[in-house]
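# Coordinate inspection notes
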Amino acid sequence: MTRPLPQPDPATSPYWNAARQHRLLLPKCTHCTRVHFYPKAICPYCSADTFDWSEASGRGTIYSFTIVKRAPSPAFEAQLPYVVAIVALDEGPCLMSNIISCDPDAVHVGDPVKVGFLDITDEDTLPVFELLKTSK
Amino acid sequence: MRRRAAIVGIGESRVGRVPGRSSLQLQADAASAALADAGLRLADVDALMTTPLRVERWNMPAGVVAHHFGIRPAYLSTVDLAGASGVAMISQAVQAVEAGLCDVVLCVVGQNLLSHRSRADAVKSMAEGGSAHPQFEVPYGPLVPSLYALIAQRHMHEFGTTEEQLAEVAVAMRFHASLNPNAHKTDPITVDDVLTSRPVSTPLRVLDCAIVSDGAAAVVVTTHDRAKDLKCDPVYLLGQGLGLRHSHVGEHKDLTTTGAVDSGAAAFRSAGLTPSDIDVAQIYDCFTITVIVELEDLGFCKKGEGGSFVENGRIRLGGALPVTTHGGLLSGGHPGLPGGFFHVTEGVRQLRRTAGARQVPNAEVALVHGNGGVASVHATLILGRNSH
């Protein structure tokens, strides 16, 4: 049983297509040049409506996190316990992701992280994050 | 002279596990109780407001319910601001009456969320039901409690809020529910019980989370002139406000401050009152952290001090600010969108002095606050016994 997967739409398919190539892209306003996330039809900073896509460094810090102890559906049961976090990217925007490849108890607010890519199927790749420092 | 609206009737179905009643039957139970309370009949009703259900899909929900009850409406509206729907609906009902669009509004909401399928099914459908962004959040596996846990964790990081302080909220709500004959969960609990309850999504445990219930509530709003001829004590809307600062929690950059800052400020400004004027605060409590953040954002304490504010019984009946005196979503009952409506019915009871063992002595002014999404959309009412 696979987890629920993103269903890209015309506004988000560049993001998911790039993820499949293991690149993290953010929408960048062609008017004010600021990046934002999640993708909007209207720039949250200047209300313009045209965007390019800009590659992010993939570096950020953990703004907040939670260790999930009960699965929302059977698809997630095998992964328990797992970390759901909000990552503040160095470029400014935040996003939700998993912190993987670590003891969940080693995760703290403020920890630096870097992006990785989890290929779920041939068609679906999720950006995920790993702790930059090794835990004690 | 300007038309003035008043709340003249409240009603609830049985709340808790209520097998064998459909959503519409539960709504009919609540509507009949509210109309009887007001001394009105269905034939007097010319407007209906409701919410969508989560357990069934209805095309035009307000039309479905109005027709089911045999109402020939002059005004219909389906309100969906998630958990803030109940509070926002009262504002809109008052506006509709004061604008002269209708004379008697029946606001009715309810569903059999617990008995419709199963609690596990309710948890799954909520996790994938829109609180988490379908593309950017759901694939990472958050429960609805996880989304609020992210707020709690950040609040603890910034302000030193403790799990014991979160637990105090759950204990107060259970105490209030134990005094409410229509509450779902009434066995008293302690802080230790909360701290040793099953972990769900750190730092939240199962007793930090709202329950899942069946139930319905209804409120009748009409004109001040008509209220004078009715048998009940009318309650008046003194102020109202709405606020929204984010929709999905993963993209928000200040998780510990919410749109309740804006809804509360607008409500107090329009009422010409301040937090110190509030005798009882019916604050939305989907999770323990929600109450702490809302107390801060509504101005009952400073940002970061919500944890210490809820200690030592301050938000319990008999404390300095009794909060959510029916037991709330944490213990009183939570049938989904209708959950926030019980905060309204209890606020009205408190002002009419009919809350029985839960009565706040001499309650004159009540604040009712609803929160929808993930601390996203906020609606605040200030209700009074006198029309000012």
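Residues numbered from 1 in each chain as written. Chains lettered and ligands numbered in written order. Predicted model: local features only at pLDDT ≥ 70, side-chain atom pairs only at ≥ 80, totals over all residues. Heavy atoms only, no water.

On to the overall build of chain B. The helix and strand inventory of chain B stands at 13 helices and 11 strands. In summary, chain B has a C-alpha radius of gyration of 19 Å against a globular reference of 21 Å for 388 residues, a match within 12%. With the C-alpha coordinates aligned to their principal axes, the bounding extent of chain B is approximately 55 × 45 × 40 Å. Per-residue burial for chain B yields a buried fraction of 64% across its 388 residues. At a minimum sequence separation of 6, the contacts of chain B that also span at least 24 residues come to 75%. Total accessible area on chain B stands at roughly 13,200 Å², and carbon and sulfur atoms take up 49% of it. Taken as two groups, the 33 positive and 37 negative side-chain charges of chain B have centres that lie 4 Å from each other. (Helix = DSSP H or I, 4+ residues; strand = E, 2+ residues; numbered from the N terminus. Rg over C-alpha atoms; globule rule 2.2 N^0.38 Å. Buried < 20%, exposed > 50% of the residue type's maximum accessible area, 1.4 Å probe, protein only. Contact = heavy atoms within 4.5 Å. Areas by Shrake-Rupley, 256 points an atom, 1.4 Å probe, with all protein chains shown as cover. Lys, Arg positive; Asp, Glu negative; His and termini not counted. Charge placed at Lys NZ, Arg CZ, Asp CG, Glu CD.)

For the rest of this paragraph, the subject is the interface of chain B and chain A. Often, the extent of an interface is quoted as the loss of accessible area on bringing the components together. Each partner contributes residues to the interface: chain B has 34 residues there, and chain A has 42 residues. Buried area between chain B and chain A, summed over both chains or domains, comes out near 3,100 Å², and the portion from carbon and sulfur atoms is 61%. Of all residues in chain B, Gln 135, Phe 136 and Tyr 140 of chain B give up the largest surface area on contact with chain A, accounting jointly for 27% of the area buried on that side. The salt bridge partner of Glu 251 of chain B is Lys 40 of chain A, with a shortest N-O separation of 2.5 Å. Counting the contacts that link chain B with chain A gives 23 residue pairs in polar contact (both at pLDDT 80 or more). (Buried area = accessible area lost by both parts, 1.4 Å probe. Salt bridge = Lys/Arg side-chain N within 4 Å of Asp/Glu carboxyl O. Polar contact = N/O pair within 3.5 Å; in protein donor to acceptor, adjacent residues only side chain to side chain.)

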